[in-house]
Amino acid sequence: MYEPIRSKSVHTMAGAPSSDFPHRSREEELDIQLAGHLAALLAVTDEIRALAPSADLDAGAERLGEQVTRLRGGAPLRALAAPAGASADASRLATLHRRAHTLAGRALVVAASRADTAAAILSAERMDAHASAAEAREPAHH
C-alpha cells in the first residue's frame, strides 16, 4: 500500500558520521567564538580611543589585535580614527565602557573554558580598565 522511500533521508542518526559538510572541533569553535568577542572588544576600544585617547587604551587595543591575529591567523579589521576634535559626552563614553566591559567578560568566559591563559588575563585586565573608566565617567545623579 505504501511506496518505499527511494531517496536518501535528509535526517541523520545521532552519532552517525556525516561527510556532507566539514565539522569543527569544540576547540575550533571556541577559537572562533573567542576571536569574535575579542574583535568586537577591539572595535569598541577603537571607538572609545577615537573619542577619548589614552595610552592605556592604545596598549589594550594593540594587545587585543595581537590575540585576534593569533586566533584568526590574520590581522583584524580596524575602525578608522575619528576626525580630530571629535568628542563625546560622559554618558556616551560610560555606555561604550560598559559595552566593552561586557564584551571582555564574554571573552573571559570563553578563554577560561578554552584554557587560553593569555586571552583570559587580557580579558580580565580589560574588564577592570573599562569598569573603572565607566564608573569615573558616570554622570552624577543627585
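Relevant structure appears above.
Analysis parameters
- Residues numbered from 1 in each chain as written.
- Predicted model: local features only at pLDDT ≥ 70, side-chain atom pairs only at ≥ 80, totals over all residues.
- Heavy atoms only, no water.
- Helix = DSSP H or I, 4+ residues; strand = E, 2+ residues; numbered from the N terminus.
- Contact = heavy atoms within 4.5 Å.
- Axes fitted to C-alpha atoms, helices over the stretch in contact; angles between N-to-C directions.
- Parallel < 35°, antiparallel > 145°, perpendicular 65-115°, else oblique.
- Left-handed = near helix turned anticlockwise from the far one by under 90°.
- Nonpolar A, V, L, I, M, F, W, Y, C, P; charged D, E, K, R; others polar.

Asker: Now, about the overall build of the protein: what can you tell me, with residues and values included?
Answerer: Scanning the protein from terminus to terminus reveals four helices and zero strands. The linear arrangement of helices and strands in the protein, starting from the amino end, is α-α-α-α. For the protein, contacts bridging at least 24 residues in sequence account for 75% of all contacts bridging at least 6.

Asker: Describe the environment of Leu71, and please don't skip the residues or the numbers.
Answerer: Among the structural elements, Leu71 can be located in helix H2 (residues 55-72). Sequence separation of Leu71 and Ile32 is 39 residues, and the distance between their C-alpha atoms is 7.4 Å. Setting aside residues up to four positions removed in sequence, Leu71 forms contacts with Asp31, Leu34, Ala35, Leu38, Arg114 and Asp116.

Asker: Before we move on, can you summarise the packing of helix H1 (residues 26-51) against H2 with the specific residues and values?
Answerer: Look at H1 against H2: their axes get within 9 Å of each other, and the N-to-C directions meet at 155°. One way to sum up the angle between H1 and H2 is to call them roughly antiparallel. Note that H1 runs across H2; the crossing there is left-handed. Contacts from Asp31, Leu34, Ala35, Gly36, Leu38, Ala39, Leu41, Leu42, Thr45, Asp46, Ile48 and Arg49 of H1 reach H2 at Leu57, Asp58, Ala61, Leu64, Gly65, Gln67, Val68, Leu71 and Arg72. Among the residues making up the contact of H1 with H2, the classes are represented as 12 nonpolar, four polar and five charged.

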